[in-house]
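Fold and geometry: a report
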Amino acid sequence: MLHIIEEQSGKAVRLKKGDILKVIDPQGMQVSDMVIFNANDLKEKISSGKTLDFEESILLSTGNFLWSNRSHKMMKILEDTNGRNDFLLAPCSAETFKIMYNNPEYHPSCLENLTKNLEPFGIEQDDIPTAFNIFMNVQFDNQGKLSVLPPTSKAGDYVTFEAQMDLLVCLTACSAEDSNGGSFKPIHFEVSSPN
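Residues numbered from 1 in each chain as written. Predicted model: local features only at pLDDT ≥ 70, side-chain atom pairs only at ≥ 80, totals over all residues. Heavy atoms only, no water.

**Some points on the pairing of strand β13 (residues 187-192)**
Summarising the sheet, strand β1 (residues 2-5) and β13 pair through 4 bridges and their orientation is antiparallel. Residue His3 lies in a different strand from β13, and its bridge partner there is Phe189. (Pairing = 2+ DSSP bridges. Helix = DSSP H or I, 4+ residues; strand = E, 2+ residues; numbered from the N terminus.)

This is the structure:
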C-alpha cells in the first residue's frame, strides 16, 4: 500500500522486525527526515553518533546499518538508487528559520511535523533525535564548512530499509527551502512484510 506524505508534513508508522520500508521521492529533489524508535521501548532511538562511529563513514547508503543509542542495529539499508543521504544535520525547526533564514514569521518545520506525529505515542519534542535525512545533499570543504545543496535525487528514486527490530518510524516531507532546491514536494512510502 502506498502512503503519501504531503509537502511540508509528516507521518508515523509501525514496523515489525523484518518489514521492508521503501521511501520514494516521486518528483525528485525532495528530502525526507526519518527518526526511528524501538517500538517496545521508546527510550531506545536512532543515533547519529553511534551510526557514524560503527559504520565508520558519514556517507551512508546501500549495505550500511542505522544504529541506536544503545548500540543495537535498527535498520539496514537494502537499496539506495540515489546514494546521497545526510546524518549530520538536525531536523529543521522554528529556530532554523529564525537563525539561518532570518525569517521571524511562522514556517512549517520537520521538527514540528515529527513532534505532531509522534505525540500520540507519548514522544515529546525533546525526545526527538537527529534524523536520518534521506536524499539530503550536505557537502563540506577542506576546512569542514558545511553547505546544503539541492538533492541529487530524481523522480522515482528510492531507499529501502529492513527493520532489525520492531520499530516506530516517523517520516517527513522536509520543509526547508535550501534542502529541497527551493520548492516543496510530497514523499511516498510503502511498507511490506516478507511473510
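**Some remarks on the layout of surface pockets**
Approximately 360 Å³ is the volume attributed to the largest pocket. If you go around the largest pocket, you meet 18 residues; those closest to its centre are Leu89, Thr96, Met100, Met136 and Val148. Class assignment for the residues of the lining of the largest pocket results in 11 nonpolar, 5 polar and 2 charged. (1 Å grid on protein atoms, 1.4 Å probe; cavity = no way out; pocket = protein on both sides within 12 Å on 5 of 7 lines; lining within 4 Å. Points joined across faces, edges and corners; volume = space filled by probe spheres on them. Nonpolar A, V, L, I, M, F, W, Y, C, P; charged D, E, K, R; others polar.)

**A few points about empty space enclosed by the protein**
This structure, assessed with the given rule, holds 1 cavity of 30 Å³ or more. Of the pockets and cavities examined, the largest cavity occupies roughly 60 Å³. Ile58, Leu59, Arg84, Asn85, Asp86, Phe87, Leu88, Val138 and Phe140 together form the lining of the largest cavity. For the lining of the largest cavity, the per-class residue count stands at 6 nonpolar, 1 polar and 2 charged.

**Some thoughts on unusual backbone geometry**
A positive phi angle is found at Gln8, which is not glycine, with a value near 55°. Along the chain, Gln8 turns up in the loop between β1 and β2 (10-15). The phi dihedral of Glu56 is positive, around 55°, even though this residue is not glycine. With respect to the element layout, Glu56 can be found in the loop between α1 (48-55) and β6 (65-67).

**Overview of the environment of Pro104**
Here Pro104 lies in the loop between α2 (94-99) and α3 (110-118). Distance in space between the C-alpha atoms of Pro104 and Ala163 is 39 Å, their sequence separation being 59 residues.

**As for the sheet that holds strand β11 (residues 157-163)**
The strand order across the open sheet formed by 6 strands is β1-β13-β3-β11-β7-β6, and the pairing between neighbours is antiparallel. Both outer strands of the open sheet, β1 and β6, are each paired with one neighbouring strand and no more. In this sheet, neighbouring strand axes are inclined to one another by 25° on average, regardless of whether the strands run parallel or antiparallel. Examined bridge by bridge, strand β3 (residues 20-25) and β13 share 5 bridges and lie antiparallel to one another. Its bridge partner being in β13, Lys22 is matched across the sheet by Glu190. (Axes fitted to C-alpha atoms, helices over the stretch in contact; angles between N-to-C directions.)

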